[in-house]
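The chain contents come next:
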Amino acid sequence: METIIREGSPKTPFVRLDGEKGVVEIKGRSIPENSVEFYKPIIDWLEKFGEAPSEETNVNIQLEYFNTSSSKCILDIFKRLELIHKKGHPVEINWYYEEDDEDMFEAGEDYQSIINIPFKMIEMEE
């Protein structure tokens, strides 16, 4: 499974999809002009990855801000990961947030309540 790395920009997050190591990383700001267009290759990659996932999948989400349309796409990513998890392949989501960022903390809690995957809330110091 090919590794995809997409460098971040002021409007889009850094993305690393590593099928060999079973690592999915999304970091930065997510306010792309067209969220569906930006996240579609990631969701497509996860669908392929789900056909033959690695032993374990670690997901690291470290967003400082995302818009409403990105939040829907992130949920779609989590739903793809949930399918992998339901097939018996362990998936763990690490949701990073800054200690004083209540919005990001609450967003993580919201996702945690919607999806059925082990979900770790990880507080970072600024």
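It should be emphasised that the depicted structure is a prediction, and the values quoted were computed from it without experimental measurement.

Visitor: Explain the sheet that holds strand 3 (residues 23-30) here, please?
Guide: The strands making up a sheet associate through hydrogen bonds between their backbones, and the pairing can be parallel or antiparallel. Strand order across the open sheet formed by 6 strands is 1-2-3-4-5-6, with mixed pairing between neighbours. A single partner strand is all that each edge strand has here, and the edge strands are strand 1 (4-6) and strand 6 (119-124). Taking the axes of each pair of neighbouring strands and ignoring which way they run, one obtains an average angle of 15° across the sheet. The pairing of strand 5 (residues 91-98) with strand 6 spans 6 bridges and is classified as parallel. Note on strand 6: the bridge partner recorded for Asn 94 is Lys 120. Each of strand 1, strand 2 (14-18), strand 3 and strand 4 (57-66) is contacted by helix 1 (residues 35-51), which is oriented at about 15° to strand 2, the strand it contacts most. Strand contacts of helix 2 (residues 68-86): strand 3, strand 4, strand 5 and strand 6, with the helix running at about 170° to strand 4, the strand carrying the most contacts.

Visitor: What should I look at first to understand the UniProt feature "domain: SiaC family regulatory phosphoprotein" (unreviewed entry) in the protein in this one?
Guide: The UniProt entry lists residues 7-123 under the feature "domain: SiaC family regulatory phosphoprotein" (unreviewed entry), expressed in the numbering used here. Helix makes up 42% of residues 7-123 and strand 31%, with an end-to-end C-alpha separation of 24 Å.

Visitor: Help me out: how do you make sense of the side chain of Ser 30 in this one?
Guide: Tracing the chain through its elements places Ser 30 in strand 3. Here Ser 30 falls in the buried class, since its relative accessible area comes to 0%. Of the polar contacts made by the side chain of Ser 30, one reaches the side chain of Tyr 39; its length is 2.6 Å. Within polar-contact distance, the side chain of Ser 30 engages the side chain of Ser 70 at 2.8 Å. The residues touching Ser 30, leaving out its near neighbours within four places in the chain, are Lys 11, Pro 13, Tyr 39, Leu 63, Tyr 65, Phe 66, Asn 67 and Ser 70.

Conventions and cut-offs
- Residues numbered from 1 in each chain as written.
- Predicted model: local features only at pLDDT ≥ 70, side-chain atom pairs only at ≥ 80, totals over all residues.
- Heavy atoms only, no water.
- Pairing = 2+ DSSP bridges.
- Helix = DSSP H or I, 4+ residues; strand = E, 2+ residues; numbered from the N terminus.
- Axes fitted to C-alpha atoms, helices over the stretch in contact; angles between N-to-C directions.
- Contact = heavy atoms within 4.5 Å.
- UniProt positions renumbered as here; feature names shortened; annotations may be inferred.
- Buried < 20%, exposed > 50% of the residue type's maximum accessible area, 1.4 Å probe, protein only.
- Polar contact = N/O pair within 3.5 Å; in protein donor to acceptor, adjacent residues only side chain to side chain.

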